[in-house]
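Coordinate analysis (summary)
Residue-level listing of the chains:
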Amino acid sequence: MKKPFNPFLISGYQGASYFCDRKKETQSIVSAIKNGRNITLVSLRRMGKTGLIKHAFHQAKSKKNNLIYVDLLHTTDLSTMVTEFAKATINQLNLGVLNTSFQKITTLFGSLRPTFTIDPLSGAPSVELDIQKGKQNSKTLEEIFAHLEKQNTHIVVAFDEFQKITTYPEKNIEALLRSYIQHLNNVHFIYSGSQKHILSSMFADARRPFYQSTQFLGLESIPQNEYEIFIMNHFKAAEIPITKNEAEFILDWTYSHTFYVQYFCNRLFEIKMALSNASFHHAIDKIFSENEPVFTNYLSLLTAQQVQLLTAVAKDGWVSKPTSKEFLSKHRLTSSTVQRTLPALMQKEFLTLEKEGYRVYDVFLGRWLAAKY
Ligand SMILES: Nc1ncnc2c1ncn2[C@@H]1O[C@H](COP(=O)(O)OP(=O)(O)OP(=O)(O)O)[C@@H](O)[C@H]1O
Ligand SMILES: [Mg+2]
């Protein structure tokens, strides 16, 4: 893979050198893949699920395994889901490119109309698909699974943002998928997502079709010492001096939440100078000023009391007892306001509850609120 200009990636996966730790989790996934177990991978948003899936596959890559990565984030119904799945399958198995033709795709997946596109920059061919109106989506789904089952390599399908299927307008999507999946021997699955309560109930509720069909893997923050070493090594490799204290500051300021760590480091690295108070201020100012319109917009969605509680949590960082006397009097809140407001902020994902207590889910929003109000 090409060496990136900035080693702190904020999107995509570019190989093990730019990927910090996750050794145990990678091992769990690789072992599950090899031993034919399905996995449910759950974490906070932006903690590193997609990166981990790609990393585990990079590590497990062999002629015997093939990963089909399907991002369900933008799917809204069965038809868009089937299109994404077929597209990922065709592109990954090089169906459209190597030894087959339009005809083969239409024979395999009867209701899909393929068009080939060439990436103007890389020249790489890929296939776009349109579902023909009136054709049966569930039939296409069956065709895709049947095709995967016949491959002579072991297939792993990663459905990212899998909880999306519960929002489709069609009924019984879970039962439909499960009815195909349970008969497959050559195909295994990684289901991942950030909405823990939805995914837990899909896989842990005895009345649901996917009950106990997977091994759970929860992704926490990368341990501080591992991330510190990773950060210091990358700065040092670019001859940018960095102290252990500075690396600690980066991790504290971002609560070690992967995306925010990566983004903060990316901005500090961009300055290409020894780190100093001035460079930290500069990077923080940039992050705040670029996000301010978005943050202001977020706040406009909240009531005055919700903003007050959110700001109070932001100022304290971790709040383990939001109805304690100290917290209430420090921030001039009443117990009834907190009891009414907290569930709404949790439900809207403005706050998250972790082992240490509540904190603002979007780390930069929290830091901005604490600095501004
Ligand atoms: N172990 C890691 N080391 C370094 N960077 C990482 C690591 N894991 C993830 N990242 C980076 O952190 C960012 C967020 O990761 P990723 O997109 O994988 O999270 P996610 O949990 O899938 O997020 P979302 O909930 O938004 O789908 C990405 O830019 C990714 O490149
Ligand atoms: Mg993701």
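Residues numbered from 1 in each chain as written. Chains lettered and ligands numbered in written order. Predicted model: local features only at pLDDT ≥ 70, side-chain atom pairs only at ≥ 80, totals over all residues. Heavy atoms only, no water.

We now examine the overall build of the protein. The helix and strand inventory of the protein stands at 15 helices and nine strands. Since a compact globule built from 373 residues should have a radius of gyration of about 21 Å, the 23 Å found for the protein is in line with a globular shape. With respect to the principal axes defined by its C-alpha atoms, the protein has extents near 65 × 55 × 35 Å. Burial status across the protein gives 50% buried among its 373 residues. Long-range pairs, those at least 24 residues apart, make up 70% of the contacts in the protein with a sequence separation of at least 6. (Helix = DSSP H or I, 4+ residues; strand = E, 2+ residues; numbered from the N terminus. Rg over C-alpha atoms; globule rule 2.2 N^0.38 Å. Buried < 20%, exposed > 50% of the residue type's maximum accessible area, 1.4 Å probe, protein only. Contact = heavy atoms within 4.5 Å.)

A few words now on unusual backbone geometry. Backbone geometry places serine 256, a non-glycine residue, at a positive phi of 55°. Within the secondary structure, serine 256 is located in the loop between helix H9 (244-253) and helix H10 (258-271). Taking relative accessible area as the criterion, serine 256 reaches 8% and is therefore assigned buried. Of note, arginine 332 is a non-glycine position whose phi angle comes to about 50°, a positive value.

This part is about helix H6 (residues 173-181). Where H6 is concerned, the buried positions are Ile173, Glu174, Leu177, Arg178, Tyr180 and Ile181. For H6, the angular spread of the buried residues around the axis is 160°, confining them to a single face. Its buried side turned inward, H6 meets helix H3 (78-92), helix H5 (137-150), strand S6 (187-193) and helix H7 (196-204). (Arc of directions from axis to C-beta.)

Below, the discussion takes up the sheet that holds strand S5 (residues 154-160). Reading across the sheet, the five strands line up as S2-S5-S6-S1-S7 and stay open at both edges, with parallel pairing between neighbours. For this open sheet the edge positions go to strand S2 (65-71) and strand S7 (215-219), each flanked by a neighbour on one side alone. Strand after strand, the sheet turns through a mean of 20° between neighbouring axes, direction not considered. Looking at chain direction, strand S1 (residues 39-43) and S7 are connected through five bridges and run parallel. Considered in S7, the bridge of leucine 41 is made with leucine 217. (Pairing = 2+ DSSP bridges. Axes fitted to C-alpha atoms, helices over the stretch in contact; angles between N-to-C directions.)

None of the figures reported here should be taken as evidence of function without further support.
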